[in-house]
Amino acid sequence: GNSVTQMEGPVTLSEEAFLTINCTYTATGYPSLFWYVQYPGEGLQLLLKATKADDKGSNKGFEATYRKETTSFHLEKGSVQVSDSAVYFCALIGRTGFQKLVFGTGTRLLVSP
Amino acid sequence: EAGVTQFPSHSVIEKGQTVTLRCDPISGHDNLYWYRRVMGKEIKFLLHFVKESKQDESGMPNNRFLAERTGGTYSTLKVQPAELEDSGVYFCASSQALLAGGNNEQFFGPGTRLTVL
């Protein structure tokens, strides 16, 4: 079945540091890929997505590129801020089925001033 | 426009009791999903409604869980009787009518944190 693996957290960074959160997936065919973010006390929000190979999703300074050859969708940001502290979830929707999201375990990011 | 709302935000119950969680999707959204995150693990799909019909309930863990969406508006998820392993955060999400070949964004509620003692 479909699955998503992402790096364990927490990831602790200083403000303005470079961020990478690794995500790899296993899926039949070519799924759509997503990053969701959960800020403290809030629900999950879609951060960015990519629907086909080599697509780059971007939002709020975050980027992720759909790499078919490595089945990866790593999240990056050049300069993190304290307000980026949250839990980040990598997810996919397979090409078959009815749009159910398959999530990774989540990675907590802590950014200190 | 109001987002997805869930009630209650927290629930603490004893093993063997019954709990009912409620989700109000965004108005006009045909699709409603329930997910669960247990003990810091991955968020797992439970089931999917299209209007009032269960489209996919392959993620429901067992028959102690009953989901309904009468009238195709809000949904309830009842756990009866609750067990310790049911503790976790239950998320609800909704999306508009599915488009052929499209990927409609799912909008999530804040979740209900369930603790079974």
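Structure: above.
Residues numbered from 1 in each chain as written. Chains lettered and ligands numbered in written order. Predicted model: local features only at pLDDT ≥ 70, side-chain atom pairs only at ≥ 80, totals over all residues. Heavy atoms only, no water.

Caption draft 1: Spatial organisation of the pairing of strand 4 (residues 31-37) of chain B. All names here are of chain B. Burial analysis of strand 4 places seven of its seven residues in the buried class, the great majority of the element. Burial of strand 4 is two-sided: the residues Asn31, Tyr33, Tyr35 and Arg37 facing one way and the residues Leu32, Trp34 and Arg36 facing the other way are all buried. Sheet analysis places strand 4 next to strand 5 (residues 43-50), joined by seven bridges and oriented antiparallel. Bridging from a neighbouring strand, Trp34 pairs with Leu47 of strand 5. Remark: five residues form the turn of the hairpin made by strand 4 and strand 5, two consecutive strands paired antiparallel; Met39 in that turn has positive phi of roughly 50 degrees. By the bridge criterion, seven bridges tie strand 4 to strand 9 (residues 88-95) in an arrangement that is antiparallel. If you follow Arg36 over to strand 9, its bridge partner there is Tyr90. (Buried < 20%, exposed > 50% of the residue type's maximum accessible area, 1.4 Å probe, protein only. Helix = DSSP H or I, 4+ residues; strand = E, 2+ residues; numbered from the N terminus. Pairing = 2+ DSSP bridges.)

Caption draft 2: Looking closely at the environment of Ala82(B). All names here are of chain B. Mapped onto the elements of the fold, Ala82 is located in the loop between strand 8 (75-79) and strand 9. Taking the C-alpha atoms as reference points, Ala82 and Glu14, separated by 68 residues in sequence, lie 7.6 Å from one another. In contact with Ala82, not counting residues within four places along its chain, are Ile13, Lys15, Gly16, Gln17, Arg64 and Val116. (Contact = heavy atoms within 4.5 Å.)

Caption draft 3: A look at the side chain of Ser11(B). Take Ser11(B): it is sitting in strand 2 (residues 10-13). Once you skip the residues sitting within four places of it in the chain, Ser11(B) turns out to touch Val19(B), Arg113(B), Leu114(B) and Thr115(B).

Caption draft 4: Examining the sheet that holds strand 3 (residues 19-21) of chain A more closely. Residue and element names in this part refer to chain A. Pairing within the open sheet is antiparallel, and its four strands lie in the order 3-9-8-7. Either end of the sheet is taken by a strand with one partner, and the two such strands are strand 3 and strand 7 (56-59). Each strand axis lies, on average, 15 degrees off the axis of its neighbour in the sheet, ignoring direction. By the bridge criterion, three bridges tie strand 3 to strand 9 (residues 75-77) in an arrangement that is antiparallel. (Axes fitted to C-alpha atoms, helices over the stretch in contact; angles between N-to-C directions.)

Caption draft 5: Local environment of the sheet that holds strand 8 of chain B. All names here are of chain B. As summarised here, the arrangement of the four strands in space is 1-3-8-7, forming an open sheet in which the pairing is antiparallel. Edge positions in the sheet fall to strand 1 (5-7) and strand 7 (65-68), since each of these pairs with one other strand and no more. For this sheet, the mean inter-axis angle between neighbouring strands, taken without regard to orientation, is 15 degrees. As defined by bridge partners, strand 3 (residues 19-24) adjoins strand 8 across five bridges and the pair is classed as antiparallel. Paired with Val19 across the strands is Val79, a residue of strand 8.

Caption draft 6: Region of the structure containing the pattern of salt bridges. Summed over all chains, the structure comprises ten salt bridges over all chains. A salt bridge links Lys52(A) to Asp55(A), with the shortest nitrogen-to-oxygen separation between them at 3.3 Å. Here Glu85(B) ties to Arg64(B) by a salt bridge, and the two come within 4.0 Å at their closest N and O atoms. Note that Glu85(B) is positioned in the loop between strand 8 and strand 9 and Arg64(B) in the loop between strand 6 (53-56) and strand 7, a separation of 21 residues in sequence. Look at Glu85(B) and you get exposed, because its relative accessible area is 52%. (Salt bridge = Lys/Arg side-chain N within 4 Å of Asp/Glu carboxyl O.)

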